[in-house]
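Next come the chains, spelled out residue by residue.
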There are 4 protein chains.
Amino acid sequence: MAKSKYEYVKEFETDDRMLRNVYVLVRIDGKGFHKFSQTHDFAKPNDVRGINLMNHAARCVMNELDDILIAFGESDEYSFLFRKSTDLYQRREAKIVSTVVSLFTSAYVYYWNDYFTELKRPLYPPVFDGRAVLYPSEVEVKDYFAWRQADTHINNLFNTSFWALVEEGGLTPKAAEARLCGTDSKDKNEMLFTEFNTNYSKLPAMYRKGSVLLREQIPKDADKDAIIPTLPETLPGSKSAKVTPAPDTTTIALQSGPDPISEPVSEAPSGHTTPVAVASPVVSQETVMQEGIDSNSHSESMKRSIDASEAEQQDAEGEPVAGKEAPTFKRMKKGVVIDHIDIIGEKFWAGRGAYILAPEKKKKLRS
Amino acid sequence: MAKSKYEYVKEFETDDRMLRNVYVLVRIDGKGFHKFSQTHDFAKPNDVRGINLMNHAARCVMNELDDILIAFGESDEYSFLFRKSTDLYQRREAKIVSTVVSLFTSAYVYYWNDYFTELKRPLYPPVFDGRAVLYPSEVEVKDYFAWRQADTHINNLFNTSFWALVEEGGLTPKAAEARLCGTDSKDKNEMLFTEFNTNYSKLPAMYRKGSVLLREQIPKDADKDAIIPTLPETLPGSKSAKVTPAPDTTTIALQSGPDPISEPVSEAPSGHTTPVAVASPVVSQETVMQEGIDSNSHSESMKRSIDASEAEQQDAEGEPVAGKEAPTFKRMKKGVVIDHIDIIGEKFWAGRGAYILAPEKKKKLRS
Amino acid sequence: MAKSKYEYVKEFETDDRMLRNVYVLVRIDGKGFHKFSQTHDFAKPNDVRGINLMNHAARCVMNELDDILIAFGESDEYSFLFRKSTDLYQRREAKIVSTVVSLFTSAYVYYWNDYFTELKRPLYPPVFDGRAVLYPSEVEVKDYFAWRQADTHINNLFNTSFWALVEEGGLTPKAAEARLCGTDSKDKNEMLFTEFNTNYSKLPAMYRKGSVLLREQIPKDADKDAIIPTLPETLPGSKSAKVTPAPDTTTIALQSGPDPISEPVSEAPSGHTTPVAVASPVVSQETVMQEGIDSNSHSESMKRSIDASEAEQQDAEGEPVAGKEAPTFKRMKKGVVIDHIDIIGEKFWAGRGAYILAPEKKKKLRS
Amino acid sequence: MAKSKYEYVKEFETDDRMLRNVYVLVRIDGKGFHKFSQTHDFAKPNDVRGINLMNHAARCVMNELDDILIAFGESDEYSFLFRKSTDLYQRREAKIVSTVVSLFTSAYVYYWNDYFTELKRPLYPPVFDGRAVLYPSEVEVKDYFAWRQADTHINNLFNTSFWALVEEGGLTPKAAEARLCGTDSKDKNEMLFTEFNTNYSKLPAMYRKGSVLLREQIPKDADKDAIIPTLPETLPGSKSAKVTPAPDTTTIALQSGPDPISEPVSEAPSGHTTPVAVASPVVSQETVMQEGIDSNSHSESMKRSIDASEAEQQDAEGEPVAGKEAPTFKRMKKGVVIDHIDIIGEKFWAGRGAYILAPEKKKKLRS
């Protein structure tokens, strides 16, 4: 057989299975996204559409790969934590990393037009890279996410200050950078408040805290795979804030807005994890049309992901969401929800994130 | 600084730089493409649109990453060979693999609609995975590509026979499989000829030999990123064969067509490498519109790789193709070309592929 | 400088630092020790000299490398467990493995003549190989040692039965093997008892349970690197300290174990860890002479670890220990002790081995 | 079975097989040999006994492991080059490295007393560590050995100068170091010549060039495992066989090298490879006794390699060994020889080392 003569080259492939029983963290990063965001006129310092698209792509990854426990995104990066016992692709590193990166990239391009509605597709194909890191214990896992969220805070406070100086203050980028040099969190907060009348802690949590994807209870009769957008474009301050938000949605959004992150990060973070009410149920024409397409899909391999926002309402006992009557869902199931909460500090890990640290059943270990 | 407290988690990242001075081969594979091709009604046994889209995506990768020497694609897989001396990302494995996979995936989704014109985007986001393999010597590199091309041959002959039995012969898939069980290349060739009046060796080389991407001389005044078309749509037997080929284009295409692969693979392959006439046809409205968008892009990091067919006609001012005599280009430069030739055997490596085996200059080694 | 021109070859060295914060287990194995033991006429099924020499070499390793928490030896293998936080050689795998193997081998040859007194050195240089394995959690660490000790039990019971059949029963090796084929622990125990009048559970624990090296309290005024007895029960504070050693220690040592291992292993092992009374502190002439040599050494990097007194007392004919009263040491310090106890089951890990599982101080983690 | 319950811990072992078809270089280093050499009063700057013991241990390694092509030693380090196609232990890195290190260490301790005849064993067990490096091409292999030999030259010239200043010049170590600071090879050569009447290039090549172990023809009827001379030029058939040896071989051994190394290394090394006469013929009683023991050994796994010095007598120029005339050996076989020649530069690789670069037969590749 012709095959066998050459097939020995397969023996040069090496075994890259990762150590068992440790957490696998896959982090992806946009390549050249500084330029990419400029080319596509992303709003500064934050572009809601861009963030929502990132979140959407991340949710696709999480819907597809059941062993992901939690994900966290900020800027052009996203981190995915796999359970210790995952045996996905027998823990082969290249397989896992490349699949996550490919899935994310694919979804990013695929759903682009749902967020950047005026442009059929990006001006050129965007690219992400990825890597895996192993973390043996819960301590490192918590510290990893704290590291990323602290980074989010620091970068966003800097960017917010920088663009205030440039866009509102009329400084050149160079001058703005010089102005910020040597300042700490407190200085920047004060500058924003006194010079630009901005209370940093009132800015959307999505900007200040990044996005957390969790597996939580969602209504049983919700379409597991349906697209329920985060719709943060209805958040105050967003470019598109005025765009047709449902009257109540805005209220919801604002409800959550006030949840301030304690500053500075180096002090004890507030830790209080009032979930940001993200959402808003209104489905735009756009989305419907898209649905039309998607509904043709019978693919099992890539399920559509439900957004946090709905999730919110659910627990919604009493009058959860402003004046609206609480929909009463009797039966719940697990779904992926998005939130913008503190994951620095123990509160999160003892509360909503507790299942992540919960010991796994033996059975899982040997699967 | 808040950062430093948590930043120690970075120390868990490991160094995955690959051995220097050996060839790096990155192979990507479609995930669940059996289902993907069914869902999207890919023509059996080969779908020209699908192959062209794969080739297009691969060319994007090759245009972007200068250190790729050659690429080979078949079915839902593609292999990329990096020069020994590449120092891309300091040879970090995860970076290289994930970038190639992401680039390929991104381009596949991005250019989907240019090939599957009736569908804005696939019914769900497609996914690829990837891996890197190191090959120390020229012998293994040649044998690697021979391995993949032999695989192409074996699979395509089987598929061609199978689908002939099913679609033309009216057998059930099960019966067709039973019928083919135990047959060798010669048996299948004969069956195709006597029962289905098909001369296997006259089928398009793209099907029988896969696709080879090479860096070769192209006209100096051609757009560097532009298209050196495969034009398989003009190949006999293709679904779209009847679609408005320029009268002379077909001829060109057919000129190259007759180049039969010698059978079976275990015998000496013909090795004669008449390149497929590159050429170029009619640009549809669709493509023009796409051009409109793309021309807005000034990105350097991701250069646009225009599809084969369109490119041609860009320079094509005046009467590009129509009735033209062989153009005489005086000055040439390197560009990525696609062909469907034998890469099993020495002929290719001594001829068009010679530069791949050529020793690299010292300077390169330490760059 | 001449150096720089060639020094680039150093760049081919790869970084093999092992994941942080997981246990590092180094296991070494004798190469060709079946032949080695035959060549040197090792007693069957167990050679006390050989075991003691192995133990001595292992203690050298443990004395030298402070980050080793526990070691376990049986037959021609030894396992060394490093603390999670060890930063020895920056956790470089090759460095750690090769150092342990070299240290062990060196000591084995070096101290040969102290155990095989009739032969200046072995008939040819013995060789060991080694490997490192990472274990993330306490569960695996316990199970690892349970695995090795269960192996000890199974092998020793088989060997004891086999050699009884051959040496006492007069069977050929082939016949003995056939006889044992398909028997379980119970069968073998019974056979030994009924046919060879041997109560397996009364055989020395050293044979049945292997050897465990622990860091425990030893008398303050004992030479840290010197004779550290295998008989920790005779140390002040141990419950068996007052037990008057039988005048014929040798007998005890060889028959030992009033403490029967419960059979079969698959049932709950007795877990009760009465240390086997082996040794005796008397220093022989031999040792003194040897000391004479060693005392010239001022090396700190390789401290001499003198053999486990036991060795001593073997030859110790007369009444080495006899009649001595238990010495009363007021102050204690850490030292390496050897024992032959159950490490299968929780009792050990909750008791004498508790410090191994104890969480490490933060400071250690970042050292 | 008790075994199976715990045996899962084996799954934490990782596959560390090294890339195929590249050279494997294992380098070992003495640990703390600065102190070790002081403790044992090694002669400064070079101790012939120490070098010969290193060489002896290295030859044991090379005799044992057939896939080693060449070895090079200097100071307390030794490098072993395995053929590209080696499949030793399936190329498992830890196995190969640990075996080489253990073998070397074992032999070093084992043969200690044959070289340091006044001391039964070292004052404490010496330790070596090791690591593997992969080299894909001949260029790197040559440059690797050039790197080590250049290092030998630089260190030895420095040490020779340093100890001349200290021992003959009466300087303190500190003053000697200050004196040499900033000097180049030429300066040091001159200083040695004018101040200490020493022609550096006439010092023994063993000191200046290190030791090279090669597989070469040796007389067929010589004991394969026995005397393998350091002085292969005196072997029958070699051009220098007839050179009359000075009656006092020892003197020769120490002053040796009519063959000067060209200086400085950065200039073209002489490349002419007249092997240096090293050794020292007298066979002590000690050795004879040792032989007695060794002759009992029937071990095949570790063949005894007798030291160079004994071998010496053979070359015995003029009346080499006791009046006998140069024996004429018709048939030859491969054996390990030691020499002290230039391996920097092409001459060696084109001549005596040519077989190392010779392409391997296909058969070997797949074994």
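Residues numbered from 1 in each chain as written. Chains lettered and ligands numbered in written order. Predicted model: local features only at pLDDT ≥ 70, side-chain atom pairs only at ≥ 80, totals over all residues. Heavy atoms only, no water.

Points about the relation of the copies chain A and chain D
Now for step 1: When chain A is fitted onto chain D, the two copies agree to an RMSD of 0.1 Å after a turn of 180° and an axial shift of 0.0 Å. Taken together, these values place the two copies in the relation of a two-fold axis. Closest approach to the rotation axis among the C-alpha atoms of chain A is made by A:D15, whose C-alpha sits 3.2 Å away.
Now for step 2: Most of the interface of chain A is mirrored in chain D, where 100% of its interface residues again form contacts. (Least-squares fit on C-alpha atoms with pLDDT ≥ 70 in both. Contact = heavy atoms within 4.5 Å.)

Describing the pattern of salt bridges
Now for step 1: One pass over the structure, following the stated rule, counts 88 salt bridges over all chains.
Now for step 2: Taken together, the shared-partner salt bridges connect A:K10, A:E13, B:R27, B:D29 and B:R131 into one network. (Salt bridge = Lys/Arg side-chain N within 4 Å of Asp/Glu carboxyl O.)

Topic: the environment of B:Y124
Now for step 1: Mapped onto the elements, B:Y124 comes out in the loop between α5 (112-115) and β4 (128-135).
Now for step 2: As a C-alpha pair, B:Y124 and B:V109 span 15 residues in sequence and 9.8 Å in three-dimensional space. (Helix = DSSP H or I, 4+ residues; strand = E, 2+ residues; numbered from the N terminus.)

Some remarks on the environment of B:V48
Residues and elements named next belong to chain B.
Now for step 1: The residue V48 is located in helix α3 (residues 48-64) in this model.
Now for step 2: By relative accessible area, which is 8% here, V48 ends up buried.
Now for step 3: Placed 159 residues apart in sequence, V48 and Y207 show a C-alpha to C-alpha distance of 8.9 Å. (Buried < 20%, exposed > 50% of the residue type's maximum accessible area, 1.4 Å probe, protein only.)

Points about the packing of aromatic side chains
Now for step 1: A complete count under the given rule lists 96 aromatic pairs over all chains for this structure.
Now for step 2: A centroid spacing of 6.0 Å and a plane angle of 20° characterise the contact between A:F158 and A:F162, whose relative ring orientation is stacked. Of this pair, A:F158 and A:F162 both sit in helix α6 (residues 138-168), separated by 4 residues, roughly a single helical turn.
Now for step 3: You can call A:F158 partly exposed: its relative accessible area is 29%.
Now for step 4: With relative accessibility at 10%, the residue A:F162 sits in the buried group.
Now for step 5: Ring geometry for D:F42 against D:F116: centres 5.3 Å apart, planes inclined by 15°, an arrangement best described as stacked. On the criterion of sequence distance, the pair formed by D:F42 in the loop between α2 (33-39) and α3 (48-64) and D:F116 in the loop between α5 (112-115) and β4 (128-135) is long-range, its members being 74 residues apart. The residues D:F42 and D:F116 share a single accessibility class, namely buried.
Now for step 6: Positioned above the aromatic ring of B:Y355, the side-chain terminus of B:K334 is 4.7 Å from the ring centre.
Now for step 7: The ring of C:Y89 carries C:K95 above its face, with NZ or CZ at 5.4 Å from the centroid. (Phe/Tyr/Trp six-rings, centres within 6.5 Å; stacked < 30°, edge-to-face > 60°. Lys NZ or Arg CZ within 6 Å of the ring centre and 35° of its normal.)

Some points on the sheet that holds strand β6 (residues 332-339) of chain B
All names here are of chain B.
Now for step 1: An order of β4-β1-β3-β2-β5-β6 is seen for the 6 strands of this open sheet, with the pairing classed as antiparallel. Of all the strands in the sheet, just β4 and β6 have a single pairing partner and so form its edges. Between one strand axis and the next, the sheet turns through 25° on average, direction left out of account.
Now for step 2: Two elements, strand β5 (residues 211-219) and β6, share 8 bridges in a ladder whose sense is antiparallel. Counted as the bridge partner of V212 is D339 from β6.
Now for step 3: Contacting β1 (23-30), β2 (68-74), β3 (77-82) and β4, helix α6 (residues 138-168) runs over the sheet at an angle of about 20° to β2. (Pairing = 2+ DSSP bridges. Axes fitted to C-alpha atoms, helices over the stretch in contact; angles between N-to-C directions.)

Observations concerning the confidence of the model for chain A
Residue and element names in this part refer to chain A.
Now for step 1: Mean pLDDT over chain A: 76, with 67% of residues reaching 70 or higher.
Now for step 2: Taken together, the stretch residues 224-329 has pLDDT below 50 and engages in 208 contacts with residues farther than four places along the chain or on a different chain.
Now for step 3: Below a pLDDT of 50 lies the segment residues 363-367, which in the model reaches 8 contacts outside its immediate sequence neighbourhood of four places, other chains included.
Now for step 4: Scoring the predicted complex yields pTM 0.78 and, for the interface, ipTM 0.76. (pLDDT = per-residue confidence, 0-100.)

Description of the interface of chain A and chain D
For an interface, size is often stated in terms of accessible area lost upon the parts coming together.
Now for step 1: The interface is formed by 8 residues belonging to chain A together with 8 residues belonging to chain D.
Now for step 2: Taken together, both faces of the contact between chain A and chain D bury some 930 Å²; the carbon and sulfur share is 55%.
Now for step 3: Applying the counting criterion to the chain A and chain D interface returns 2 salt bridges.
Now for step 4: Here D:E11 ties to A:R20 by a salt bridge, and the two come within 3.1 Å at their closest N and O atoms. (Buried area = accessible area lost by both parts, 1.4 Å probe.)

What to know about unusual backbone geometry
Now for step 1: Along the chain, B:K44 connects to B:P45 via a cis peptide bond; the corresponding omega equals 0°.
Now for step 2: Mapping B:P45 onto the fold places it in the loop between α2 (33-39) and α3.
Now for step 3: If you check the backbone angles, A:D41 has positive phi at about 50° while not being a glycine.
Now for step 4: Within the secondary structure layout, A:D41 lies in the loop between α2 (33-39) and α3 (48-64).
Now for step 5: Exposure remark for A:D41: the relative accessible area of 58% places this residue in the exposed category.
Now for step 6: Despite not being glycine, A:N197 shows a phi value in the positive range, around 55°.
Now for step 7: Position of A:N197 among the secondary structure elements: in the loop between α8 (185-196) and α9 (205-209).

Considering the UniProt feature "domain: tRNAHis guanylyltransferase catalytic" (unreviewed entry) in chain A
Now for step 1: With numbering aligned to this structure, UniProt lists the feature "domain: tRNAHis guanylyltransferase catalytic" (unreviewed entry) at residues 6-136 of chain A.
Now for step 2: Annotation note: span residues 6-136 of chain A, helix share 36%, strand share 22%, distance between end C-alpha atoms 40 Å. (UniProt positions renumbered as here; feature names shortened; annotations may be inferred.)

Quick word on the sheet that holds strand β6 (residues 332-339) of chain D
Consider a sheet: its strands pair through backbone hydrogen bonds, and that pairing is either parallel or antiparallel.
Residue and element names in this part refer to chain D.
Now for step 1: One open sheet accounts for 6 strands, arranged β4-β1-β3-β2-β5-β6; its pairing is antiparallel. Across the chains shown, the open sheet's two edge strands, defined by having one partner strand only, are β4 and β6. When the angles between neighbouring strand axes are averaged without regard to direction, this sheet yields 25°.
Now for step 2: Examined bridge by bridge, strand β1 (residues 23-30) and strand β3 (residues 77-82) share 6 bridges and lie antiparallel to one another. Bridging across to β3, R27 finds its partner in S79.
Now for step 3: Those strands touched by helix α4 (residues 93-110) are β1, β3 and β4, and its axis lies near 140° from that of β4.

Comments concerning the side chain of B:K188
All names here are of chain B.
Now for step 1: Relative to the helices and strands, K188 resides in helix α8 (residues 185-196).
Now for step 2: Here K188 sits buried without a salt bridge, and the closest side chain of opposite charge, D184, lies 6.5 Å off (N-O distance).
Now for step 3: Excluding residues that lie within four positions of it along the chain, K188 makes contacts with L157, F158, S161, L180 and T183. (Lys, Arg positive; Asp, Glu negative; His and termini not counted.)

Here we look at the pairing of β4(D)
Now for step 1: Extensive coverage of β4(D) is indicated by the burial of 8 of its 8 residues.
Now for step 2: Burial of β4(D) is two-sided: the residues D:F128, D:G130, D:A132 and D:L134 facing one way and the residues D:D129, D:R131, D:V133 and D:Y135 facing the other way are all buried.

Comments concerning the UniProt feature "binding site: Mg(2+) 2" (unreviewed entry) in chain A
All names here are of chain A.
Now for step 1: When the UniProt feature table is mapped to this numbering, "binding site: Mg(2+) 2" (unreviewed entry) covers D29 and D76. The largest pairwise C-alpha distance within this set of annotated residues, which runs over 48 residues, is 5.8 Å, so the set is compact in three dimensions.
Now for step 2: You can see D29 is positioned in strand β1 (residues 23-30).
Now for step 3: Look at D29 and you get partly exposed, because its relative accessible area is 24%.

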